[in-house]
Amino acid sequence: MIAHAAVDLGAIARNAATLAELVAPARVAAVVKANAYGHGLVEVARALARTCARLCVYSLEEAIVLREAEIDAPIHVLGPVPPGDLDAAHAADVALTLWDRGLYARQVASVARRRGRRFTIHAKVDTGVVRLGLDAGDAPDALQRYAATPEFALAGAFTHLAAAEELDSSFTDEQLARFLAATRELGPGVERHAAATAAAMLWPRTRLDTVRIGIGLYGIWPSVETEALMRVRGVELAPALTWRTRIAAMHEIDAGTTVGYGRTWQAPRRSRIATLPIGYAEGLPRAAGNAAHVLVRGARVALVGRVCMNMAFADVTGVAGAAPGDDVTLIGRDGREEILAADLAAACGTIGYELVARLPAHVPRTYAAPVS
Ligand SMILES: *Cc1c(COP(=O)(O)O)cnc(C)c1O
């Protein structure tokens, strides 16, 4: 075993419960895209399927994996589904995201008609991310047309916020106002949703009927602002991921010896260097070299030299007895020390989201079951 991820499904279930309590009476839709933010799509979805309002994925392929795993919870596909895949989407009984006003909407209707059952639709309104969605100005008319299309079951209308991680963003209020105006004519049976984790925490008025929670489920704060505010309110999240490898080889080197490609690190004294069998192909960002720390025998040690494709180096000079086979914790706890996904991400110049989403699917994962 070269690297390994241990996922605490109990922590994920507790985070879901914590967030559900925070946002009630709004409901929680669980976002499990990107392999459940690297935590494992099917296992995480199973742990949440019965307690969350629905599961949100990005692609139809992810939805089909869930259906093949016999998860029958409602699934909303947030991203685009190509016209050629609409039959498969209908067969998988997923809710589509719709923002089209022309040919594509007609194709969706025609697949539903041919297959003899309505297509569940969440209409998307773009209020300021400029990504997917109807222009807010066109939305009222398009939404009326969706509502009047007999082949559509218009279940929801939603938008996505651009700057909700910030405490003092008037833009969030502007987006919310645009969204409420665009959806004013919708009947009460159509669910409205706008908030992801950060907005659900910082902007209670964006919670509406449902919130779409991703990062918070995994015990990772969307931003330092959200963490600070929620901690003051007594809201805690439990990190769900432990990511470890083991020392593959040890080297005693003299002062002045350089380590790794480009010779970017030079031993300031006689040093003991551990070779770690993990590199950027395994999800450790190249930027971690000479920047991040890992835990060995309960001690925090520096990654030195450049991270290679499949290997990296740690300076374990200060760790008595460090030897091949020792556990190396990249994310998680070892004794009294802990490295959070956000810590490793910050050292690499990125965010927790990117770090966990890029954890390769081929890294073996083990799961601690939720206590039920
Ligand atoms: C990814 C995503 C979410 C979840 O965002 P978090 O910040 O991880 O909670 C919600 N809505 C949409 C449309 C998304 O793409």
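The protein has the name Alanine racemase in an unreviewed UniProt entry, where Vulcanimicrobium alpinum is given as its organism. Under the UniProt heading Cofactor (unreviewed entry), the entry covering the protein gives this text: "pyridoxal 5'-phosphate". Per UniProt, the protein has the following entry under Function (unreviewed entry): "Catalyzes the interconversion of L-alanine and D-alanine. May also act on other amino acids."

Describe unusual backbone geometry, and please don't skip the residues or the numbers.
Cis geometry is found at the peptide bond from A24 to P25, where omega equals 10 degrees. By the element assignment, P25 lies in the loop between α1 (9-23) and β2 (27-31). Positive phi values are uncommon outside glycine, yet N35 reaches one of about 55 degrees. Judged by its relative accessible area of 23%, N35 falls in the partly exposed class. At R263, a residue that is not glycine, the phi angle is positive and equals roughly 50 degrees. Within the element layout of this structure, R263 appears in the loop between β13 (258-259) and β14 (265-266).

Residues and numbers for the site of the ligand, please.
What surrounds the ligand is a group of 13 residues, the closest being K33, Y37, T197, I215 and Y353. For the ligand, an oxygen atom lies 2.5 Å from a polar atom in the side chain of T197. The backbone of G214 places a nitrogen or oxygen atom 2.9 Å from an oxygen atom of the ligand. Across the complex, the protein chains shield 91% of the 390 Å² of accessible surface that the ligand would expose by itself. For the shell around the ligand, the secondary structure elements donating two or more residues are α2 (33-37) and β10 (210-213). Residues that form the shell around the ligand fall into these classes: seven nonpolar, three polar and three charged.

Mind laying out the UniProt feature "binding site: substrate" (unreviewed entry) in the protein, listing which residues take part and the relevant values?
UniProt records the feature "binding site: substrate" (unreviewed entry) for R131 and M309 in the present numbering. Across 179 residues of sequence, these annotated residues are also dispersed in space, with a maximum C-alpha separation of 32.7 Å. With residues up to four places along the chain from it excluded, the contact list for R131 reads K124, D126 and H160. Relative to the helices and strands, M309 is located in the loop between β17 (299-304) and β18 (312-315).

Conventions used here
Residues numbered from 1 in each chain as written. Predicted model: local features only at pLDDT ≥ 70, side-chain atom pairs only at ≥ 80, totals over all residues. Heavy atoms only, no water. UniProt positions renumbered as here; feature names shortened; annotations may be inferred. Helix = DSSP H or I, 4+ residues; strand = E, 2+ residues; numbered from the N terminus. Buried < 20%, exposed > 50% of the residue type's maximum accessible area, 1.4 Å probe, protein only. Near = heavy atom within 4 Å. Polar contact = N/O pair within 3.5 Å; in protein donor to acceptor, adjacent residues only side chain to side chain. Areas by Shrake-Rupley, 256 points an atom, 1.4 Å probe, with all protein chains shown as cover. Nonpolar A, V, L, I, M, F, W, Y, C, P; charged D, E, K, R; others polar. Contact = heavy atoms within 4.5 Å.

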